[in-house]
Amino acid sequence: MGSVEIISLGDDFARWAGIAAESAPEERALSFMREVVSPNREYYEALVFDDIPAGERRLKAASAIAEKYYEKRDAMGEAFGYAGAALRGLSEEFFSMFPGCRNGMTLVAMPSLRRFNGREKLIGGKAVAGFGVEYFIAERYRDAAARDRELRLTAAHEMFHLYHGEKSGIWQSPGKTVLIWLWAEGLAVIASRVFCPGATDAEILMDDELAGAGDGAFKEFFEILSPALFSTSAADLADIFNGGRSYRGLPSRVGYLIGLLAVESIAERGVSLSEMSSWSEVRASEELKSSLFSL
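This report concerns the structure included in the present document. Model, not experiment: these values are computed from the prediction.

**Digging into the layout of surface pockets**
Gaps left between atoms are located by rolling a probe of water-molecule size over the structure's atoms.
Then comes step 1: Empty space within the largest pocket amounts to approximately 1300 Å³.
Then comes step 2: Lining the largest pocket are 42 residues, and of these R115, R119, F241, N242 and Y256 sit closest to its centre.
Then comes step 3: Elements with a contribution of two residues or more to the lining of the largest pocket: β3 (118-123), α6 (144-168), α7 (178-195), α8 (201-205) and α11 (234-241).
Then comes step 4: A breakdown of the residues in the lining of the largest pocket according to their chemical character gives 16 nonpolar, 13 polar and 13 charged.
Then comes step 5: Looking at the second largest pocket, its volume works out to about 270 Å³.
Then comes step 6: Together, Y141, R142, A145, A146, R149, E150, L153, A202, E203, M206, D207 and D208 line the second largest pocket.
Then comes step 7: If you list the elements that add at least two residues to the lining of the second largest pocket, you get α6 and α8.
Then comes step 8: In terms of residue count, α6 provides more of the lining of the second largest pocket than any other element does, 5 residues in total.
Then comes step 9: Of the residues that constitute the lining of the second largest pocket, the class distribution is 6 nonpolar, no polar and 6 charged.

**What about empty space enclosed by the protein?**
Then comes step 1: Within the structure shown, the criterion is met by 1 cavity of 30 Å³ or more.
Then comes step 2: Reported here for the largest cavity is a volume of approximately 40 Å³.

**Some thoughts on the side chain of S277**
Then comes step 1: Along the polypeptide, S277 turns up in helix α13 (residues 273-277).
Then comes step 2: On the basis of relative accessibility, which here comes to 0%, the residue S277 falls in the buried class.

**Topic: α6**
Then comes step 1: The end-to-end C-alpha distance of α6, which contains 25 residues, comes to 36 Å, matching closely the 36 Å that a straight helix rising 1.5 Å per residue would cover.
Then comes step 2: Between the side-chain oxygen at the start of α6 and the backbone nitrogen of A145 there is a gap of 3.2 Å, and the oxygen is on D143.
Then comes step 3: After α6 finishes, the residue G169 shows a positive phi value of roughly 80 degrees.

**Overview of the sheet that holds strand β2 (residues 105-110)**
Then comes step 1: Read across the sheet, 4 strands follow the order β1-β2-β4-β3 without closing on themselves; strand pairing throughout is mixed. The open sheet terminates on both sides in strands that have one partner only, identified here as β1 (4-8) and β3. On average, each strand axis in the sheet is inclined to that of its neighbour by 20 degrees, with strand direction left out of account.
Then comes step 2: Here 5 bridges tie β1 to β2, and the two strands are oriented parallel to one another. Bridged to I7 within β2 is V108.
Then comes step 3: Against the sheet, α6 makes contact with β2, β3 and β4 (126-132), and its axis sits at roughly 165 degrees relative to β4, the strand it touches most.

**Things to note about the packing of helix α12 (residues 254-267) against helix α14 (residues 281-294)**
Then comes step 1: Put simply, α12 and α14 touch, their axes get as near as 9 Å, and they point 100 degrees apart. Classed by the angle they form, the pair α12 and α14 counts as roughly perpendicular. Contacts from I258, A262, V263, S265 and I266 of α12 reach α14 at E287, L288, S291 and L292.
Then comes step 2: Looking at the contact of α12 with α14 residue by residue, the class counts come to 6 nonpolar, 2 polar and 1 charged.

**Considerations on the packing of helix α10 (residues 218-225) against α12**
Then comes step 1: For the pair α10 and α12, interaxial distance at closest approach is 11 Å and the crossing angle is 115 degrees. Put simply, α10 runs roughly perpendicular to α12. As α10 runs across α12, the sense of the crossing is left-handed. Only V254, L257, I258 and L261 of α12 make contact with α10, whose side of the interface consists of F218, F221, F222 and L225.
Then comes step 2: Within the contact of α10 with α12, the residues separate by chemical class into 8 nonpolar, no polar and no charged.

Rules behind the numbers
- Residues numbered from 1 in each chain as written.
- Predicted model: local features only at pLDDT ≥ 70, side-chain atom pairs only at ≥ 80, totals over all residues.
- Heavy atoms only, no water.
- 1 Å grid on protein atoms, 1.4 Å probe; cavity = no way out; pocket = protein on both sides within 12 Å on 5 of 7 lines; lining within 4 Å.
- Points joined across faces, edges and corners; volume = space filled by probe spheres on them.
- Helix = DSSP H or I, 4+ residues; strand = E, 2+ residues; numbered from the N terminus.
- Nonpolar A, V, L, I, M, F, W, Y, C, P; charged D, E, K, R; others polar.
- Buried < 20%, exposed > 50% of the residue type's maximum accessible area, 1.4 Å probe, protein only.
- Expected span 1.5 Å × (residues − 1).
- Polar contact = N/O pair within 3.5 Å; in protein donor to acceptor, adjacent residues only side chain to side chain.
- Pairing = 2+ DSSP bridges.
- Axes fitted to C-alpha atoms, helices over the stretch in contact; angles between N-to-C directions.
- Contact = heavy atoms within 4.5 Å.
- Parallel < 35°, antiparallel > 145°, perpendicular 65-115°, else oblique.
- Left-handed = near helix turned anticlockwise from the far one by under 90°.

Listed below in structure tokens is the structure:
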């Protein structure tokens, strides 16, 4: 079994907050970039700024949130401690349920500039998932159990991406088709349900409206999306999978729903999640394409 490294940027954040206390508001974004982003450049380059060119646009992204971070610095500090400890326990539980991740994984608790609650990448040959600590501040939740469940669902999804990538060689990297992204996301959404028994479609999709569309809308949605199945366009991928965007009028993040329904139809034939996660890219593409056109 692979090892798990848990990294928290809590100390860097605390150092920045101390400096920010002595700074004018307009200087806080600059010091955030210096004290938090620069020492952790590999994580920010890959997970946060991968689609934002260097320079003023990155500073602008930090400026939009730095003051909120400062206002919530105590809550953020608590969330760093919470997330680091919780991810340790969740990763141990995950490995007991999904053994076989040969090279391990790195989980990073970090300020994500509100760009994600969880996101994964292969960084320098290492399987890495980042978790946006601001999404796990205690005051966002009605109680501790709700926060625990949200992190469990998020962690399961992202850790499965890492497990799947290590096991099959399939990563959601530039140049991969929409079809492969549907496959990877469909598997990860189902993994969240396996890791969180009893979770609803709304919980595993993290979207009430998308879950409400359900099976009834599949044919309509797929008919619109199908011309893009073999697209490798970054714009198409963003429109289909990113929140706040839409592909030809379809619901935001529609790829997660279509991937889920298609992979579920394969699972209904008696194929296990473990077996599906070991399929090569060629096998996965053929199986998923067949499932999509038969639904």
